[in-house]
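Below, each chain spelled out in residue letters.
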There are 2 protein chains.
Amino acid sequence: MKINSRQNFLVATLVGVLACAATIARAADPLPSWNDGQARQSIVAFVTKVTQPGSPDFVPPAERIATFDNDGTLWAEQPMYFQFFFALDRVKMLAPQHPEWKTKEPFASLLKGDMKSALAGGDRSLLEIVMATHAGMSTEEFDKIVKDWIATAKHPVTKRPYTEMVYQPMLEVLAYLRANGFKTFIVSGGGIEFMRPWVERVYGIPPEQVVGSSIKTKFEMRNGKPVLVRLPELNFIDDKEGKPVGIGQHIGRRPIAAFGNSDGDLQMLQYTAAGSGPRFCLYVHHTDAAREWAYDRKSHIGKLDKGLDEAAAKGWTVVDMKNDWKNIYPPERK
Amino acid sequence: MKINSRQNFLVATLVGVLACAATIARAADPLPSWNDGQARQSIVAFVTKVTQPGSPDFVPPAERIATFDNDGTLWAEQPMYFQFFFALDRVKMLAPQHPEWKTKEPFASLLKGDMKSALAGGDRSLLEIVMATHAGMSTEEFDKIVKDWIATAKHPVTKRPYTEMVYQPMLEVLAYLRANGFKTFIVSGGGIEFMRPWVERVYGIPPEQVVGSSIKTKFEMRNGKPVLVRLPELNFIDDKEGKPVGIGQHIGRRPIAAFGNSDGDLQMLQYTAAGSGPRFCLYVHHTDAAREWAYDRKSHIGKLDKGLDEAAAKGWTVVDMKNDWKNIYPPERK
């Protein structure tokens, strides 16, 4: 190919335009919902350090893996995990097809709205509820069920759609990391197939970058069409020690940055911190009773106790939601 | 932001330059190792169709998922799966630490070079060999073991490094798909942690886009450092019905294109073909006894029998290696 002077000029112009665009992007504040403080500064310092070519801390883009817990880290989790509200709504919807639930626990109590009795059986009750509401259909049918629910369901306290109870400052961190060559993953105790239908739209994270708890599936022909059928059998619990295991299975390399909010995320943060080279670990600390919820060491949901001690001992970033975040949720959609 | 006429001019120039670059890219042959024939034409026609904006067959980039079997599809698999050669070399290397293997099957026969007796116990013998050679260490130690082996081991017939027994025409397909916005995944019966250490360098596929068979791992502190330890316990067999299940777990959406070479890939191809919109399924048929190996319906390794019938019935692409491929392997490195 011959390059003439006209093309040379075009190439030079192109380079100029791109450089100009890069300058504009750099000038805009990537974290507008963060107050200037230690938490914000630590994020920016880490990203700057690992993306600076020639720096001893430079990390090649392929290794810029960042993992995020979901419940309590990317969206709220009070007064109950949102997936549990989904299960409750499913129980109510399916009840007409299950007349036996009127007298069978934990469903009988659930349908009467008596949550305490329903969950008296502990993990076994919970598992029964999950299997009754999450299994039996194909993965594609379940995808539609979740999409339909999340499009209309409202949180009992805020009356907002659950997908509007995501943390605006964390959306900014996700976008900031991706703009700097990071690949962002969810690593959550929540159901992998409960998250995949909406996280791409809401967080910009595609289904293949979601790690979560799962039930088993089976390849099967249904009406002549091959599908994956969801079985009422646990496959994997992606919590505590399970989080590094899930990371190993799905990602196959140690993240260089990890974000969580509870003791359930501690092993993921430990695993991340222990790699060689620069590492970043962050805990979201729920300190804002007015705008969100305030809870930590004694909470049943999102308990943050050992994690808080280890973060202090190891110098991990701890976000004080009340003081570090200008906004909690994105603006309401009209 | 106000856009002045100077900026307008720059934007117009930018658009022109990009269009010009696209034309140049299109002009170069993306598949130089493929003879012009039905197989090659079907690949180009599919990619053109799904990437044409405004076409009824257009597929958004996020949904352009392509899955590839590894053994026999991306690299050779004769006279034995290459991972088995790795296991044999490991048995020899570990033998001094296991004096009991001198009299214990299947190791005793293996160490005498008597493969037939060693494998007389079928799957159980194979499993014992795998667990003895693939478990007990951390994932990072295993990564290094595989990297060290693959850097030096040579194939018994060709005397070439195993990573040079990859199929040049398939490397071109991988690159061609990625240049057209596809995300390429491996979905293999082989061990996920046996592939991850080298497939990024050789195929351009990062660890997080590898799906394979696996053993369980456990989060553990070793010398004060958190690691994942490989346990001698099967976790998942990514073969036959397992392939769509593995795709569901790791990718979470139906691929639109799938590439295989054996009946072990049939369910993956069926699952791919059954989605809505344009779909592409391809079988590599080993027909070249001179340059590679010729085998299909009666082979113990890479048996292609039902798949060949279904491909004919459904109009899937079948590559005739002997006639469709100009080259089999990349040029030898000096």
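Please refer to the structure placed before this passage.
This text gives an overview of the structure that appears in the document.

A word on helix H10 (residues 242-250) of chain B. Residue and element names in this part refer to chain B. The element H10 is largely enclosed, with a buried count of 8 among its 9 residues. For H10, the complete set of buried residues consists of Gly242, Lys243, Pro244, Val245, Gly246, Ile247, Gly248 and His250. Looking one or two places after H10, you find Gly252, whose phi comes out positive at around 75°.

Next up on the list: helix H6 (residues 123-134) of chain A. In an α-helix, one full turn covers 3.6 residues, which means residues spaced three or four apart are oriented alike. Residue and element names in this part refer to chain A. When the terminal C-alpha atoms of H6 are compared, their 16 Å separation across 12 residues agrees well with the 16 Å that a helix rising 1.5 Å per residue should span. Within the span of H6, buried status applies to Ser125, Ile129, Met131, Thr133 and His134. Against the buried residues of H6 lie helix H3 (82-94), helix H4 (107-111), helix H5 (115-118), helix H7 (139-152), strand E3 (210-222) and strand E4 (225-236). Gly136 lies just past H6 and shows a positive phi near 105°.

Moving on, we get to the interface of chain B and chain A. Chain B puts 44 residues into the contact, and the matching count from chain A is 44 residues. Both sides of the chain B and chain A interface together cover about 3500 Å² of buried area, and 58% of this is carbon and sulfur. Among the ionic pairs, Glu208 of chain B bridges to Lys183 of chain A, the shortest N-O distance being 2.9 Å. Across the chain B-chain A interface, the total number found is 20 residue pairs in polar contact (both at pLDDT 80 or more). Among the elements of the structure, helix H1 (5-27), helix H7 (139-152), strand E2 (183-191), helix H9 (192-203), strand E3 (210-222), strand E4 (225-236), H10 and helix H11 (266-273) of chain B are those that each provide at least two residues to the side of chain B that touches chain A. With 7 residues, H1 of chain B is the single largest residue contributor to the side of chain B that touches chain A. Among the residues forming the side of chain B that touches chain A, the class breakdown is 22 nonpolar, 11 polar and 11 charged.

Attention now goes to the sheet that holds strand E2 (residues 183-191) of chain A. Residue and element names in this part refer to chain A. Judged by pairing direction, the sheet is mixed, and its 7 strands sit side by side in the order E4-E3-E2-E1-E5-E6-E7 without closing on themselves. At either margin of the open sheet sits one strand with a lone partner, and together these are E4 and strand E7 (317-320). Looking at each pair of strands side by side, their axes are set apart by 30° on average, direction ignored. Sheet analysis places strand E5 (residues 257-260) next to strand E6 (residues 280-285), joined by 4 bridges and oriented parallel. The residue bridging Gly260 from the neighbouring strand is Tyr283, located in E6.

Once turned by 180° and shifted 0.0 Å along the axis, chain B lies on chain A with an RMSD of 0.0 Å. The relationship between the two copies is best expressed as a two-fold rotation axis. If distances are taken from each C-alpha of chain B to the rotation axis, the shortest is found for His250 of chain B, at 3.2 Å. Comparing contact sets, 95% of the residues at the interface of chain B also lie at the interface in chain A, consistent with an isologous, same-surface contact.

Right, let's talk about the packing of H3 of chain A against H6 of chain A for a bit. Residues and elements named next belong to chain A. Taken N-terminus to C-terminus, the directions of H3 and H6 make an angle of 65°; their axes are 9 Å apart at the nearest point. The handedness of the crossing between H3 and H6 comes out as left-handed. Side by side, H3 and H6 meet where Gln83, Phe84, Phe86, Ala87, Arg90, Val91 and Leu94 of the first sit next to Leu126, Ile129, Ala132, Thr133 and His134 of the second. Here the residues of the contact of H3 with H6 sort into 8 nonpolar, 3 polar and 1 charged.

Calculation notes
Residues numbered from 1 in each chain as written. Chains lettered and ligands numbered in written order. Predicted model: local features only at pLDDT ≥ 70, side-chain atom pairs only at ≥ 80, totals over all residues. Heavy atoms only, no water. Buried < 20%, exposed > 50% of the residue type's maximum accessible area, 1.4 Å probe, protein only. Helix = DSSP H or I, 4+ residues; strand = E, 2+ residues; numbered from the N terminus. Expected span 1.5 Å × (residues − 1). Contact = heavy atoms within 4.5 Å. Buried area = accessible area lost by both parts, 1.4 Å probe. Salt bridge = Lys/Arg side-chain N within 4 Å of Asp/Glu carboxyl O. Polar contact = N/O pair within 3.5 Å; in protein donor to acceptor, adjacent residues only side chain to side chain. Nonpolar A, V, L, I, M, F, W, Y, C, P; charged D, E, K, R; others polar. Pairing = 2+ DSSP bridges. Axes fitted to C-alpha atoms, helices over the stretch in contact; angles between N-to-C directions. Least-squares fit on C-alpha atoms with pLDDT ≥ 70 in both. Left-handed = near helix turned anticlockwise from the far one by under 90°.

Function-wise, these values are silent; they only describe arrangement.
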